[in-house]
Amino acid sequence: MKQIALVTGASAGFGEAISRRLVADGVQVIGAARRFEKLKDLQAELGEAFYPLQLDVSSLTSVNQAFNSLPESWSQIDILVNNAGLALGLDPAFEADFTDWMTMIQTNIIGLTYLTRKLLPQMVERDSGFIINLGSTAGTVPYPGANVYGASKAFVKQFSLNLRADLAGKHIRVTTIEPGLCEGTEFSNIRFKGDEQRVENLYRGAHAIQAEDIANTIAWLIAQPQHLNFNRIEIMPVSQTFGAQPVYREK
């Protein structure tokens with residue numbers, strides 16, 4: 001039987017590219033997102049191997065309703081790709097909008113963990129499955145303005161590693177993919193709340209990671225022998241690297 005993957009945030013960006021690649025590889029994909037019309041457009045392109053599922057990961061009620069609506073033939077999920085997530089703002093913590101913080105926590109942390117908890121029991125019962133979580137280099141490398149976004153991605157990294165500890169002796173794989181600077185998605189448009197000039201300035205000449213790069217990485221992971229687990233994969237464009245920590249001196 002073909003594997004079934006659930007990909008969250010499938011209406012654009014990484015999720016859309018991941019869905020396309022997995023369907024091309026013969027995986028049946030449940031594409032989940034809030035924007036159902038975009039999912040229907042993707043279904044028209046990908047055909048019967050793609051099942052559109054309206055779901056808002058930040059709402060536990062929405063997640064429950066979506067799972068209850070799945071047909072029996074789509075209910076046994078082999079691969080969970082927790083892709084849905086967002087950053088809002090780049091203000092210092094003392095100026096940040098607390099509502100933005102709550103939205104990031106609800107989506108990046110609570111939504112991801114709730115979906116995982118929903119699917120884990122069936123994976124454990126079958127003693128088979130793969131959970132792929134989208135983290136970020138921001139979860140490792142602090143930078144000004146990352147505050148709650150970076151902290152939420154650090155949570156994703158540690159949660160994934162602790163899942164591995166809880167799943168000792170089970171044939172269930174868990175991997176976190178941690179991208180650096182990415183373009184060609186809605187990520188920065190959402191972060192900067194539609195400020196296109198700010199988005200353009202961020203990516204100009206950077207040759208950043210593309211959504212297809214992440215999709216190809218996930219396809220490669222799934223194709224690996226099931227006795228291998230890649231705990232973390234950190235990816236940066238060649239143009240991005242590490243710098244010295246700044247030191248501010250009093251005059």
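Above this text you will find the structure in question.
Residues numbered from 1 in each chain as written. Predicted model: local features only at pLDDT ≥ 70, side-chain atom pairs only at ≥ 80, totals over all residues. Heavy atoms only, no water.

Enquirer: Hey, could you go over the overall build of the protein chain for me, with residue numbers and the actual values?
Expert: When helices and strands are counted, the protein chain shows eight helices and seven strands. For 251 residues, the compact-globule estimate of 2.2 N^0.38 gives 18 Å, and the C-alpha radius of gyration of the protein chain, at 18 Å, lies within 12% of that figure. Taking the principal axes of the C-alpha coordinates as reference, the protein chain spans close to 70 × 40 × 35 Å. Looking at the 251 residues of the protein chain, the share that counts as buried comes to 47%. Sequence separation of at least 24 residues holds for 67% of the intrachain contacts in the protein chain that already meet a minimum separation of 6. Total accessible area computed for the protein chain in this model is approximately 13,000 Å², and 52% of it derives from carbon and sulfur atoms. Of the charged side chains in the protein chain, 22 are positive and 26 negative; the average position of the first set lies 4 Å away from that of the second. (Helix = DSSP H or I, 4+ residues; strand = E, 2+ residues; numbered from the N terminus. Rg over C-alpha atoms; globule rule 2.2 N^0.38 Å. Buried < 20%, exposed > 50% of the residue type's maximum accessible area, 1.4 Å probe, protein only. Contact = heavy atoms within 4.5 Å. Areas by Shrake-Rupley, 256 points an atom, 1.4 Å probe, with all protein chains shown as cover. Lys, Arg positive; Asp, Glu negative; His and termini not counted. Charge placed at Lys NZ, Arg CZ, Asp CG, Glu CD.)

Enquirer: Describe the sheet that holds strand 6 (residues 172-179), listing the residues and the values that go with them.
Expert: In spatial order, the strands read 3-2-1-4-5-6-7; together these seven strands make up an open sheet with parallel pairing. Strand pairing shows two members of the sheet lacking a second neighbour, strand 3 (50-54) and strand 7 (232-235), which therefore form its edges. If you compare each strand with its neighbour and ignore which way they point, the axes differ by 15 degrees on average. Alignment of strand 6 against strand 7, held across four bridges, turns out to be parallel. Note on strand 7: the bridge partner recorded for proline 179 is isoleucine 235. Along the sheet, helix 2 (residues 36-46) makes contact with strand 2 (28-33) and strand 3, crossing strand 3 at roughly 175 degrees. Along the sheet face, helix 5 (residues 147-166) touches strand 5 (129-134), strand 6 and strand 7 and points at about 160 degrees away from the line of strand 6. (Pairing = 2+ DSSP bridges. Axes fitted to C-alpha atoms, helices over the stretch in contact; angles between N-to-C directions.)

Enquirer: Provide a residue-level description of helix 3 (residues 60-69), including the pertinent values.
Expert: Among all positions of helix 3, only Ser62, Val63, Ala66 and Phe67 are buried. One face of helix 3 carries all of its buried residues, which in axial projection span an arc of 130 degrees. Along helix 3, the residues that are exposed and aim more than 90 degrees away from the buried face are Gln65 and Asn68. (Arc of directions from axis to C-beta.)

Enquirer: Describe the packing of helix 1 (residues 13-24) against helix 2, naming the residues involved and giving the relevant values.
Expert: Contact geometry of helix 1 with helix 2 gives a least axis separation of 11 Å together with a crossing angle of 25 degrees. Judged by the inter-axis angle, helix 1 sits roughly parallel to helix 2. The crossing of helix 1 and helix 2 is right-handed. Where helix 1 approaches helix 2, its residues Glu16, Ser19, Arg20 and Val23 are matched on the opposing element by Leu42, Glu45 and Leu46. When grouped by side-chain class, the residues that make up the contact of helix 1 with helix 2 number three nonpolar, one polar and three charged. (Parallel < 35°, antiparallel > 145°, perpendicular 65-115°, else oblique. Left-handed = near helix turned anticlockwise from the far one by under 90°. Nonpolar A, V, L, I, M, F, W, Y, C, P; charged D, E, K, R; others polar.)

Enquirer: Give me a nonpolar patch on the surface: which residues, what numbers.
Expert: Residues Leu60, Phe98, Met102, Ile105 and Ile110 make up a contiguous nonpolar surface patch of roughly 410 Å² in combined accessible area. The greatest single-element share of the nonpolar patch, amounting to four residues, is contributed by helix 4 (residues 98-126). Residue placement: isoleucine 105 occurs in helix 4. (Patch = residues over 30% accessible without salt bridge, like charges linked within 9 Å, V, L, I, M, F, W, Y side chains within 5 Å. Salt bridge = Lys/Arg side-chain N within 4 Å of Asp/Glu carboxyl O.)

Enquirer: Lay out the nonpolar core with the relevant residues and their values.
Expert: Ranked by internal contacts, the top residues of the largest apolar core, which has 31 residues, are Ile18, Leu22, Val81, Ile132, Ile177, Ile214 and Ile218. Where this core is concerned, the elements lending two or more residues are strand 1 (4-8), helix 1, strand 2, helix 2, strand 4 (79-82), strand 5, helix 8 (211-223) and strand 7. If one sorts the elements of this core by residue count, helix 8 sits on top with six residues. Those residues in contact with isoleucine 18, other than ones at most four positions away along the chain, are Val7, Val81, Ile214, Ala215 and Ile218. Core analysis: the next-biggest nonpolar cluster, separate from the first, contains 25 residues, Ala66, Leu115, Leu119 and Leu120 among them. (Core = buried A, V, L, I, M, F, W, Y, C linked by side-chain atoms within 4.5 Å.)

Keep in mind that these numbers describe shape and distance, not what the molecule does.
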